Amino acid sequence: MNPKEDIYLSSPNSFGLKALETLTASKNWDSDQFARIMATLGIIGHGQAIPAPNRPETIHLQRYRKAFEELLRRTQETGREHARTFFADTESTDLVMSNKISVGTDRKVRLYMAPEKGKEHVQTFIGSVHTHPVAEGRLSHGLSEEDYLSFLPDKREQFMIVVFGASVRMLILKTSVTPNNILPERIKRRIIEISREFFKPDKDWGEQLVTFNKVVCTEFGLTFYLADQKTNDLFSRMNVVD
């Protein structure tokens, strides 16, 4: 067993949690810091998320810019969703992207969940990025009901990124107040209720998109970040409570 696993994986003990507290103290994370934090969460395990008071104001994911752009380009050319998976590497204490790009339909994509060959014992699924194509002349509403239904019940997955439109990027991040034992049926029921309440055909789609995601994030203790064509890979936290 990896020495780090001897320290952390028997339980989310005080040593591991103290290290996480220190790593997340900054309010502005660059991609290297984000990678270390996600790797640490993978080492601690047990569905541990970042401390809610330490949620950052910005996350600058410059390391992954080309990967995001490549996924979006493929989706614009084909009209299909594309995805890549992130793994916490407990040996290198780093965040690793799968080299394999998953290709789906215009509505869904299945993540490729296999770690690097020979790294199965040190890599654990921790996050994902996927695209949404333009449909029916308008943008899909960022994170969909299905995205949340996939993301919330999985204790391993700590973040999800969606890229769509000209270059709009949304990121949701779990925190210590996100429930990690809620029944999928309850999640589904509540998200459907929120969707029905906030998506109306006679209202501005963009405003409804943001409102829907804000309400879901408030309901489940998630932090919501947004980047656009201007900010590119700099994600800024959106206030989800009006």
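Residues numbered from 1 in each chain as written. Predicted model: local features only at pLDDT ≥ 70, side-chain atom pairs only at ≥ 80, totals over all residues. Heavy atoms only, no water.

## Quick notes on the packing of aromatic side chains
Heads up, the rule is: Between rings of Phe, Tyr and Trp, where Trp is taken as its six-membered ring, a pair exists when centres lie within 6.5 Å; planes separated by under 30 degrees are stacked, by over 60 edge-to-face, and by other angles tilted. Comment: elements are numbered from the N terminus, with helices defined as DSSP H or I runs of at least four residues and strands as E runs of at least two. Note on exposure labels: buried denotes an accessible area under 20% of the residue type's maximum, exposed denotes more than 50%, and partly exposed covers the range between, all computed with a 1.4 Å probe on protein chains only. Comment: the charge-over-ring label is applied if NZ (Lys) or CZ (Arg) is within 6 Å of the ring centre and within 35 degrees of the ring normal.
Counting across every chain of the model gives five aromatic pairs. Ring geometry for Y64 versus F86: centroids 5.3 Å apart, planes at 85 degrees, classification edge-to-face. With Y64 in the loop between β2 (58-60) and α4 (65-78) and F86 in strand β3 (residues 82-89), this residue pair connects regions lying 22 residues apart in the sequence. Judged by relative accessible area, which is 4%, Y64 ranks as buried. Within the aromatic cluster, the residues linked to one another by ring pairs are F34, Y64, F68, F86 and F159. Over the ring of Y112 we find K100, and its NZ or CZ is 5.3 Å from the ring centre.

## Description of unusual backbone geometry
Working note: non-glycine residues mostly have negative phi, and peptide bonds are mostly trans. Notably, T93 is not glycine yet its phi reads approximately 50 degrees, a positive angle. You can see T93 is positioned in the loop between β3 and β4 (94-97). Of note in the backbone geometry, N232 takes a positive phi value of approximately 60 degrees without being a glycine. The topology assignment puts N232 in the loop between β9 (222-227) and β10 (234-237). Of the residues examined, N232 reaches a relative accessible area of 18% and is grouped as buried.

## A look at helix α3 (residues 31-44)
This is how the line gets drawn: One less than the number of residues in a helix, times 1.5 Å, gives the span that helix is expected to have. Identification of polar contacts relies on pairs of N or O atoms within 3.5 Å, with a donor-acceptor requirement for protein atoms, meaning one able to donate a hydrogen and the other able to accept it, and with residues adjacent in sequence counted only if both atoms are side-chain atoms.
Relative to the 20 Å expected for 14 residues at 1.5 Å per residue, α3 spans 20 Å between its end C-alpha atoms, a close match to the ideal helical length. When you tally the buried positions in α3, you get twelve out of 14 residues, the bulk of the element. Burial in α3 covers these residues: S31, Q33, F34, A35, I37, M38, A39, T40, L41, G42, I43 and I44. If you check the start of α3, you find a side-chain oxygen 3.2 Å away from the backbone N of D32, and it comes from D30. Following α3 by one or two positions, G45 adopts a phi angle in the positive range, close to 70 degrees.

## What about the pairing of β4?
Two faces belong to every sheet, and in a regular strand the side chains alternate between them. In plain terms, the rule: DSSP bridges decide pairing: two strands pair if at least two such bridges lie between them.
Pairing between β3 and β4: four bridges, direction antiparallel. Residue pairing in the sheet places F87 in a bridge with V96 of β4. Here β3 hands over to β4 after four residues, with T93 in that stretch at a positive phi of 50 degrees.

## A closer look at the side chain of E157
How we decide: His is not counted here, nor are the chain ends, while Lys and Arg score as positive and Asp and Glu score as negative. Whenever Lys or Arg places a side-chain nitrogen within 4 Å of a carboxyl oxygen from Asp or Glu, that contact is recorded as a salt bridge. The criterion used for residue contact is that any of the two residues' heavy atoms lie within 4.5 Å.
Residue placement: E157 occurs in the loop between α5 (145-151) and β7 (159-164). Despite its burial, E157 remains without a salt bridge, the nearest opposite charge being carried by K174 at 6.2 Å. Engagement of the side chain of E157 in a polar contact is seen with the side chain of S128, the distance being 2.7 Å. Ignoring any residue separated from it by four or fewer positions in sequence, one finds E157 in contact with F125, I126, G127, S128, S150, F151 and K174.

## Examining the pattern of salt bridges
In the structure shown here, the tally under the stated rule is eleven salt bridges. Ionic pairing is found between R237 and E57, a salt bridge with its closest N-O pair at 3.2 Å. Placement of the pair is R237 in strand β10 and E57 in the loop between α3 and β2, with a sequence separation of 180 residues. According to the relative accessible area criterion, E57 is partly exposed, its value standing at 33%. Measuring nitrogen to oxygen at the nearest pair gives 2.3 Å for the salt bridge that ties R65 to D233. Separated by 168 residues along the polypeptide, R65 in helix α4 and D233 in the loop between β9 and β10 bring together distant segments of the chain. Residue D233 is classed as buried on the basis of its relative accessible area of 0%. When salt bridges that share partners are traced, they join E70, R73, R74 and E77 into one network.

## What about the environment of G47?
Along the polypeptide, G47 turns up in the loop between α3 and β2. Assessed through its relative accessible area of 18%, G47 is described here as buried. Spatially, the C-alpha atom of G47 lies 9.5 Å from that of P179, the residues being 132 residues apart in sequence. Excluding residues that lie within four positions of it along the chain, G47 makes contacts with K155, Q158 and N180.

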